[in-house]
Amino acid sequence: MTKRVYFVAHGGTVQGVGFRYFTRKKAQAYGLTGWCRNTSDNKVEGEAQGEDASVEKLMKDVDQGPSGATVVKLTQEVRDVIPDEAEFAVRH
């Protein structure tokens, strides 16, 4: 079953450590679509869409973050699926 999850990685340190590109690489490896970006309050937010198990794998990776990152809390919220979304993008 396909699902979409909005997530926010709260730091610690989640900006300036390649977090968005780490997230995109993992999402692409799992065949997910969506996006992620830095926020003005030093968090990383995004949405990931795909098969349930793949989304859960990505959320575990995001909760760990890349080397150099410290994720204090990961919040998640289920969202409506967006039909025909084609890629996982890093937004600026």
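Keep in mind that what you see is a predicted model, and the values were worked out from it rather than measured.

Caption draft 1: Quick look at the sheet that holds strand β2 (residues 33–38). If you trace the five strands from one edge of the open sheet to the other, you get β4-β1-β3-β2-β5, paired in mixed fashion. Sheet topology places β4 (70–79) and β5 (88–90) at the edges, where each strand pairs with a single neighbour. Averaged over all pairs of adjacent strands, the angle between strand axes in this sheet comes to 20 degrees, irrespective of strand direction. Here β2 pairs with strand β3 (residues 44–51) via six bridges, running antiparallel. Looking across to β3, one finds that Asn38 is bridged to Val44. Against the sheet, helix α1 (residues 19–29) touches β1 (2–13), β2, β3, β4 and β5, its axis set at about 170 degrees to β5.

Caption draft 2: How the structure looks around the environment of Thr39. As for its position among the elements, Thr39 is in the loop between β2 and β3. As for Thr39 and Thr70, which are separated by 31 residues in sequence, their C-alpha atoms are 16 Å apart. Every residue in contact with Thr39, bar those within four places of it in the chain, is listed here: Gln15 and Glu45.

Caption draft 3: Representation of the nonpolar core within the structure. Among the nonpolar cores identified, the biggest contains 19 residues, and Phe7, Ala9, Phe19, Leu58, Met59 and Val62 are the most heavily contacted of them. Sorting the residues of this core by element identifies β1, α1, β3, α2 (52–64), β4 and β5 as the ones contributing at least two each. The residues touching Met59, leaving out its near neighbours within four places in the chain, are Val5, Phe7, Ala48, Leu74 and Gln76.

Caption draft 4: How the structure looks around the pattern of salt bridges. The final tally for this structure, using the stated rule, is seven salt bridges. Salt-bridge contacts for Arg4 lead to Glu47; the nearest nitrogen and oxygen are separated by 2.5 Å. Here the residue Arg4 occupies a position in strand β1, and Glu47 occupies one in strand β3, the gap between them amounting to 43 residues. Accessibility expressed as a relative area gives 9% for Glu47, which makes it buried. For the salt bridge of Glu77 with Arg79, the shortest nitrogen-to-oxygen distance reads 2.9 Å.

Caption draft 5: Region of the structure containing the side chain of Ser54. Tracing the chain through its elements places Ser54 in helix α2. Ser54 has contacts with Tyr30 and Leu32, leaving out every residue within four places of it along the chain.

Caption draft 6: Examining the pairing of β1 more closely. Direction of pairing for β1 relative to β3: antiparallel, over a ladder of eight bridges. Within β3, the position partnered with Val5 by the bridge is Ala48.

Definitions and cut-offs
- Residues numbered from 1 in each chain as written.
- Predicted model: local features only at pLDDT ≥ 70, side-chain atom pairs only at ≥ 80, totals over all residues.
- Heavy atoms only, no water.
- Pairing = 2+ DSSP bridges.
- Helix = DSSP H or I, 4+ residues; strand = E, 2+ residues; numbered from the N terminus.
- Axes fitted to C-alpha atoms, helices over the stretch in contact; angles between N-to-C directions.
- Contact = heavy atoms within 4.5 Å.
- Core = buried A, V, L, I, M, F, W, Y, C linked by side-chain atoms within 4.5 Å.
- Buried < 20%, exposed > 50% of the residue type's maximum accessible area, 1.4 Å probe, protein only.
- Salt bridge = Lys/Arg side-chain N within 4 Å of Asp/Glu carboxyl O.

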